[in-house]
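# Architecture and fold: a report
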Amino acid sequence: MAAPLKVNPATACFLRQPGSLTTRALLVALLVFQAQVIHASHSNTSTADNDADAVKLRNKAYVADGSQEKPYQVAMNVYSPFVIKGGEGYTVELMKEAQSIIQDSFKTPFECEYHIFANVSGGDNILKVLHTGDYNFAIAGITITPKREKLLTDFGEAHFPAGTGLLTKRPKEIPMSEHMWNVFTSESTATTLCALCIASLIFANLIYFAECTGDTDNADSIFTTDDYVGGITTALWFIIVTVTTTGYGDIVPQTRRGRFVASLWMGIGLVIMAMFSADVLSRMTASRSAEATGGIVGPGSISGTTCGTTEGSPWIDMCSSWGAVVKAAPSRAQMFADFENGITDAVAYDWPVLELWMQETDQRMVSMHMPWRSTTDGPFGPGFPHLAKPSKDASTGNVNQDDLAAVERHYRMREMLNHAFLSLKGGEVESRLVAKYFGGLSITSVGSRVAGETYKRARMNDPYVATALAFIFFYIALISSHALGVRVPVYHGMPFIAGTKKAGEEEEKVSTMRDEEELAGAKMVRNGSAVGSSSVRLARLEQRLERVTQLVEEMGEKVSALAEITQENARQQHERVPGSHRI
């Protein structure tokens, strides 16, 4: 099979320059050599599978020059709203505007004769029509892809910035309990939560030992207790109130060591809590996004689902590369019917067509959604046939001049059409046609949406999770055993197991005050729970009140003694005065 003839724009300009037959023949020989080099570079693969058939123009396409008598032959297929039955549509009107620009810019006519194939669907099929040689180019909603460029056609300048869209159904609303479960069982959230629990338990012990000196008469510290469980639960309350920035103020460290530990916890806890809050918020947003999109948020989340498209479309290979099961329908109507009937989970197609189809009914807008679309992976453009080499005269070996002229006209036509499409981009004409056929749908500011992060559940063998669970189970067992009668008293600030006490047994402990005065502080054990430190504090206050009363009495006695001494001194001073006062 002959190698296809591809001419770059620079060579095409040389072909259009006036010159002798010898010069033009040399240029054609150069083109033939270029085609042979390209063909040789692909010799390691099958020509039938990897290169397009070289096309020799014939009939009207062979002599077409854009004049009224010899118009260019254009192949189209029905692809609403680009080409509509009856000869209307976005592409048809865009071609009319392109003809006007070409006539104004190049001062040459650009008449076209359109052949609309109502029974041909898919870009591949309409491009295969070019292989007959009866058409100069094909244009409609033909997506530009590398595979088509290699196997089927030479593409020209894009005339519509289409791209891939994913259409899926909206699921029913997910209960809030399921949202919360998804959030707190995700790997990152569970890891952060476990790190927070571990740090809280560590700092609870640090603040407890920093505040508790083993002196149970130290009423200045709220953490002072002769029972480890009672003290650590108080410390945990302080830790929780501090890290959540609640700050009730009911528990405040009194010692310098305690305040230092509390300062460290304020800084570290604030960072961990900020990370935890941010992670919960992001996971909740992701869960809501998954709810709104049916679990499919882009190419990264379509793996394992059934994706519908049409036969001969580029989305067959695209969906397969995403890991989806592809169901290619023979027509676009059948593709949408499969989606509505639940045969396919999503549809991959040109996003403008998907959006227009959704907008046809309110019910579709409510029940369906397009979570991902791109304007960069598949614009629409005209397709031109791969031209065969000009034939040579069998007797003389010279290039056939009619074939050479047809090649010149072909590449001249491509240059003018590309110029027109470039001139129309972003202009008033394009905006008007978009508003007419797409209802004002924006084709310039959509951009691409990336797939959301997939959900990953926490693992039990994660070191943070395992450590946090070990701490939590230990303290649950400790507090539970405390309720059953196990006591962990404190001896000089250090806890130790004292043994099991029967429920209802009274425990009495005598503590020494700072001024070495003894006071019996009784703690009643009722149903396995200590009455608490309130009785001890009341006893301490009563003792201090007695001491204040004693001090006041002592001060009164001292004042009375001082008054007597003062009076005695005054009397003695009066007796020493001379007897001048006597008669």
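Residues numbered from 1 in each chain as written. Predicted model: local features only at pLDDT ≥ 70, side-chain atom pairs only at ≥ 80, totals over all residues. Heavy atoms only, no water.

Across a sheet, paired strands are connected by hydrogen bonds in the backbone, their directions being either parallel or antiparallel. Strand order across the open sheet formed by five strands is β7-β6-β8-β5-β9, with mixed pairing between neighbours. Edge positions in the sheet fall to β7 (325-329) and β9 (368-373), since each has one partner strand and no second. Strand-to-strand twist of the sheet, defined as the mean angle between neighbouring strand axes without regard to direction, takes the value 30°. With two bridges connecting them, strand β6 (residues 306-310) and strand β8 (residues 346-350) associate as parallel partners. (Pairing = 2+ DSSP bridges. Helix = DSSP H or I, 4+ residues; strand = E, 2+ residues; numbered from the N terminus. Axes fitted to C-alpha atoms, helices over the stretch in contact; angles between N-to-C directions.)

On to the packing of aromatic side chains. In total, this model carries 17 aromatic pairs according to the counting rule given. For the pair Phe-203 and Trp-265, a centre-to-centre distance of 5.0 Å together with 40° between the ring planes defines the contact as tilted. Placement of Phe-203 in helix α9 (residues 187-211) and of Trp-265 in helix α11 (residues 256-292) is noted, with a sequence separation of 62 residues between them. No difference in accessibility class separates Phe-203 from Trp-265, as the two residues are buried. Members of the aromatic cluster, joined through ring pairs, are Tyr-79, Phe-82, Tyr-90, Phe-160, Trp-315, Tyr-349 and Phe-380. Over the ring of Tyr-79 we find Arg-332; its NZ or CZ atom is 5.0 Å from the centre of that ring. (Phe/Tyr/Trp six-rings, centres within 6.5 Å; stacked < 30°, edge-to-face > 60°. Buried < 20%, exposed > 50% of the residue type's maximum accessible area, 1.4 Å probe, protein only. Lys NZ or Arg CZ within 6 Å of the ring centre and 35° of its normal.)

Before going further, it helps to examine a nonpolar patch on the surface. Among the surface-exposed residues, Met-176, Met-180 and Phe-184 lie close enough to one another that they form a single nonpolar patch of about 250 Å² accessible area. Counting through the fold element by element, Met-176 comes out in helix α8 (residues 176-184). (Patch = residues over 30% accessible without salt bridge, like charges linked within 9 Å, V, L, I, M, F, W, Y side chains within 5 Å. Areas by Shrake-Rupley, 256 points an atom, 1.4 Å probe, with all protein chains shown as cover. Salt bridge = Lys/Arg side-chain N within 4 Å of Asp/Glu carboxyl O.)

Averaged over all residues, the pLDDT of the protein is 75; the fraction at 70 or higher stands at 72%. Between residues 1-15, whose pLDDT stays under 50, and residues either more than four places distant or in other chains, the model counts 37 contacts. Predicted confidence is poor over residues 37-51, with pLDDT under 50, and the contacts of this stretch with residues over four places away or in other chains come to 14 contacts. (pLDDT = per-residue confidence, 0-100. Contact = heavy atoms within 4.5 Å.)

This brings us to the packing of α9 against helix α18 (residues 463-483). What describes two packed helices is the angle between their axes and the distance between those same axes. It is at 8 Å that the axes of α9 and α18 come closest, and there the two elements cross at 45°. Judged by the angle between their axes, α9 and α18 are oblique. Two packed elements cross with a definite hand, and for α9 against α18 that hand is left-handed. Residues Thr-191, Cys-194, Ala-195, Cys-197, Ile-198, Leu-201 and Asn-205 of α9 touch α18, and the partners they reach there are Tyr-464, Val-465, Thr-467, Ala-468, Phe-471, Ile-472 and Tyr-475. In terms of residue class, the contact of α9 with α18 is built from eleven nonpolar, three polar and no charged. (Parallel < 35°, antiparallel > 145°, perpendicular 65-115°, else oblique. Left-handed = near helix turned anticlockwise from the far one by under 90°. Nonpolar A, V, L, I, M, F, W, Y, C, P; charged D, E, K, R; others polar.)

Further remarks concern the side chain of Arg-364. Within the secondary structure, Arg-364 sits in helix α15 (residues 362-367). Here the side chain of Arg-364 touches Glu-360 through a polar contact of 2.8 Å, side chain to side chain. If near-sequence neighbours (up to four positions away) are discounted, Arg-364 is found in contact with Glu-340, Trp-357 and Met-358. (Polar contact = N/O pair within 3.5 Å; in protein donor to acceptor, adjacent residues only side chain to side chain.)

This part is about empty space enclosed by the protein. Within the structure shown, the criterion is met by four cavities of 30 Å³ or more. The computed volume of the largest cavity comes to approximately 100 Å³. Around the largest cavity sit Val-55, Lys-56, Leu-57, Tyr-62, Leu-387, Ala-388, Lys-389, Pro-390, Asp-403, Ala-406 and Val-407, which together line it. Per-element tally for the lining of the largest cavity: the top contributor is helix α16 (residues 401-424), with three residues. Partitioned by chemical class, the residues of the lining of the largest cavity number eight nonpolar, no polar and three charged. By volume, the second largest cavity amounts to about 40 Å³. Lining the second largest cavity are Tyr-90, Leu-94, His-159, Phe-421, Leu-424, Lys-425 and Glu-430. Of all the elements in the fold, those that place two or more residues in the lining of the second largest cavity are α5 (90-106) and α16. In terms of residue class, the lining of the second largest cavity is made up of four nonpolar, one polar and two charged. (1 Å grid on protein atoms, 1.4 Å probe; cavity = no way out; pocket = protein on both sides within 12 Å on 5 of 7 lines; lining within 4 Å. Points joined across faces, edges and corners; volume = space filled by probe spheres on them.)

For the rest of this paragraph, the subject is the nonpolar core. The tendency in soluble globular proteins is for nonpolar side chains to be buried as a group. Counting 72 residues, the largest nonpolar core has Tyr-90, Phe-110, Phe-137 and Leu-167 as its most contacted members. Broken down by element, the residue count for this core peaks at seven residues, all from α5. When sequence neighbours within four positions are dropped, the list of residues in contact with Phe-110 reads Gly-66, Tyr-72, Met-95, Gln-99, Ile-102, Gln-103, Met-413, Met-416 and Leu-417. The next biggest cluster of nonpolar side chains, apart from the first, holds 24 residues, and it includes Ala-210, Tyr-228, Ile-239 and Ile-272. (Core = buried A, V, L, I, M, F, W, Y, C linked by side-chain atoms within 4.5 Å.)

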